[in-house]
Structures are given as structure tokens and as C-alpha cells.
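Read off the chains here:
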Amino acid sequence: MIRSMTAFARQQTQAEWGVLTCEIRTVNHRYLEPSFRLPEALRELENGFREHLRKTLGRGKVDVGMRLQSSEDADTALMVNDRLAASLNEAINHVNRLLDNPAHISALDILRWPGVLDREEPDLSPMKAAADELFRRTVEELVQVREREGERLRPLFDERLSAMAELVARVRERMPALISAQEQTLRERFRQASVELDPDRLSQEMVMLAQKSDVAEEMDRLEAHISEVRETLQRSDAIGRRLDFLMQELNREANTLSSKSIDAEVTRVAVDMKVLIEQMREQVQNLE
């Protein structure tokens, strides 16, 4: 399965406490690097989110954001400390009886006294459970998007690999004729130099030329790497790093083919190969 590292997913859930939205964006990165922007009430869920990402995604820079829009019905109720308020009222009345001109004390004045008014702590467990479920749904959508984006690249790889296989076959087919042409060139050089044609000398020259221009090993390795890339594209795990390594190996063999070339056509083939490899390598950088 081919997975892209570039994707976006968004999910939302709603309950009596409000509306919670989760958005996840991922881009290319050598390793898995998550970052989180969570409401303070959900901050303790971050470690669990990180662990889930490690089990689900191979690599990529992951930006997770959650936004909470609280419901008006979710406002916490105010609680009055009746005992403290009654004690304050009794103390105020006692002092007022001792004064000639007692000041009027309102209920609001008593409510301002520290500890008289407090907020009821809400039960956040339902919201946390909903946030965890929402996060997992968003990650699931993200994986599906990454897979769809990655699968769109499969035809590109198939086309480039088929083109490279054709180029390898072309070089194999051309090599016997190239060696024969080089032999004729050597014979002509001997003739023009008016040098007696020594069969042993000619044989030695041909052996040296064949060794210098022999690209059979490079062709074998190119075919093996092409086959390995095709097999890797069928794997179900993260394949980006392995494909990146195979692109390097393909490029190395194409460079060797170019350096050993004794023919303009073979040189053009090597250049075409490197163009195809570079096109694949650019896409590989975006794969998980």
C-alpha cells in the first residue's frame, strides 16, 4: 500500500457540553514528529494521542489541533457557602448593634467575601471520552486520505519502471553490435597505421575493450532493482525509506552505465534512465 505523507482530515462531534472539532495535517518529514494544540481541559490526553499516532503512522510531521466551543447550557453553576454567609451576616448584625451609625451591607457585599461564592466543578469525563473517540476517527480518516493520495502515484511508478525496463532491454540488445563495431574500428586503426595485424594483439585489445565496456552486471543490477521496486510497492507497511534507498541504487547503476558507455545511444539511454529515476525519487520523498 502506497501512502502519501501529505494529507488533511477534519472531524467534529457535538454534545450537551458543546462542539469539539479535530483537524490533523501531515507533511513530509524524515521521522514521525507530532505536535498538538489542545484545549486546556483536554491537555492530559496528549500522551495517549501520541501513542496512538506511533502505532498508526510511519513518519511525517503531524499537526493536531482541537477546538472546543462550549455550549451555553454547559456553564458551571454558582454555589453559595450557606454556613459562611450566615456567619458573616450574624457578625455584621452584631457589629451594627454596637455602632451608632451602622452601614448598610447588601447581599452582594456578602457574596464578594472570599469563600462565600464558588463554582461547581463540571464532570469532564464525557467530553474527554468524546475527544478520544473523535481523535481516533480523525486519524482513521487521515490514513485513508494518505492511502488515496499514495495510490494516485502508482501509475507514475509503473510507467517509469516499465520505461526503464525497456531501456535496459535496448542496451542489452545493442551491446553485441557495439562490440563488433569496436572490433572493426580497431582493425581499421591497425590498417591505417600500416601495422601488421597481429591476431594476439587484436585479441588482447578486444578483451580490454570488452572488460571496459561490459555493462552486463549493471544491466543485471538495474533489472534486479526494478523488480525490487515493484515488489516494494506491493507491501503493506511503510515503504518510503526503502524506495528512497532503491532510487539511490538505480541512480548509481545508471551513472556507471554512462561512464562505461562507448556509444552515443547508450549514453542517451543512461541519461533517460536518470531522468526517470529523478522523477520517481521526487515522488518517493512524499511517501510514508
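All values reported here derive from a predicted model rather than from experimental measurement.

Chemist: Requested: an account of the overall build of the chain, with residues and values cited.
Modeler: Within the chain one finds nine helices and six strands. Looking at the chain residue by residue over its 288 residues, the buried ones come to 35%. Sequence-distant contacts in the chain: of pairs separated by 6 or more residues, those separated by 24 or more amount to 79%. In the form shown here, the chain has an accessible surface area of approximately 17400 Å², with 48% of it arising from carbon and sulfur atoms.

Chemist: Got a sec to walk through helix 9 (residues 264-284)? Specific residues and values, please.
Modeler: For helix 9, spanning 21 residues, the distance from its first C-alpha to its last is 30 Å, which sits close to the expected 30 Å at 1.5 Å a residue. All buried positions along helix 9 are accounted for by E265, V266, V269, A270, M273, L276, I277, M280 and V284. Down the axis of helix 9, the buried set is contained in an arc of 140°. They therefore lie on one face.

Chemist: Go over the packing of helix 8 (residues 240-260) against helix 9, please, and point to the residues and values.
Modeler: For the pair helix 8 and helix 9, the least separation of the axes is 9 Å and the interaxial angle reads 165°. The pairing of helix 8 with helix 9 is recorded here as roughly antiparallel in orientation. Taken as a pair, helix 8 and helix 9 cross one another with a handedness that is left-handed. Residue-level inspection shows G240, L243, D244, M247, L250, N251, A254, N255, L257 and S258 of helix 8 in contact with helix 9, the latter providing V266, A270, M273, K274, I277, M280, R281 and V284. The class makeup of the residues in the contact of helix 8 with helix 9 is 11 nonpolar, four polar and three charged.

Chemist: Let's hear about the nonpolar core: which residues, and what values?
Modeler: Counting residues in each nonpolar core, the largest one holds 32 residues, and the members touching the most others are M164, L250 and M273. Within the residue set of this core, elements represented by two or more residues are helix 5 (154-192), helix 7 (216-232), helix 8 and helix 9. Beyond its immediate sequence surroundings of up to four residues, M273 is in contact with M164, L167, V168, L222, A254 and L257. Residues W17, F49, L53 and A130 belong to the second largest nonpolar core, which totals 25 residues.

Chemist: How would you sum up helix 1 (residues 46-56)? Please name residues and give values.
Modeler: Buried within helix 1 are the following residues: E46, F49, H52 and L53. In an axial view of helix 1, the angular spread of the buried residues amounts to 120°, which keeps them on one side of the axis. Opposite the buried face of helix 1, at more than 90 degrees from it, the exposed residues are N47, R54 and K55. Looking at the buried side of helix 1, the elements it contacts are strand 3 (32-37), strand 4 (60-70) and helix 4 (125-151).

Calculation notes
Residues numbered from 1 in each chain as written. Predicted model: local features only at pLDDT ≥ 70, side-chain atom pairs only at ≥ 80, totals over all residues. Heavy atoms only, no water. Helix = DSSP H or I, 4+ residues; strand = E, 2+ residues; numbered from the N terminus. Buried < 20%, exposed > 50% of the residue type's maximum accessible area, 1.4 Å probe, protein only. Contact = heavy atoms within 4.5 Å. Areas by Shrake-Rupley, 256 points an atom, 1.4 Å probe, with all protein chains shown as cover. Expected span 1.5 Å × (residues − 1). Arc of directions from axis to C-beta. Axes fitted to C-alpha atoms, helices over the stretch in contact; angles between N-to-C directions. Parallel < 35°, antiparallel > 145°, perpendicular 65-115°, else oblique. Left-handed = near helix turned anticlockwise from the far one by under 90°. Nonpolar A, V, L, I, M, F, W, Y, C, P; charged D, E, K, R; others polar. Core = buried A, V, L, I, M, F, W, Y, C linked by side-chain atoms within 4.5 Å.

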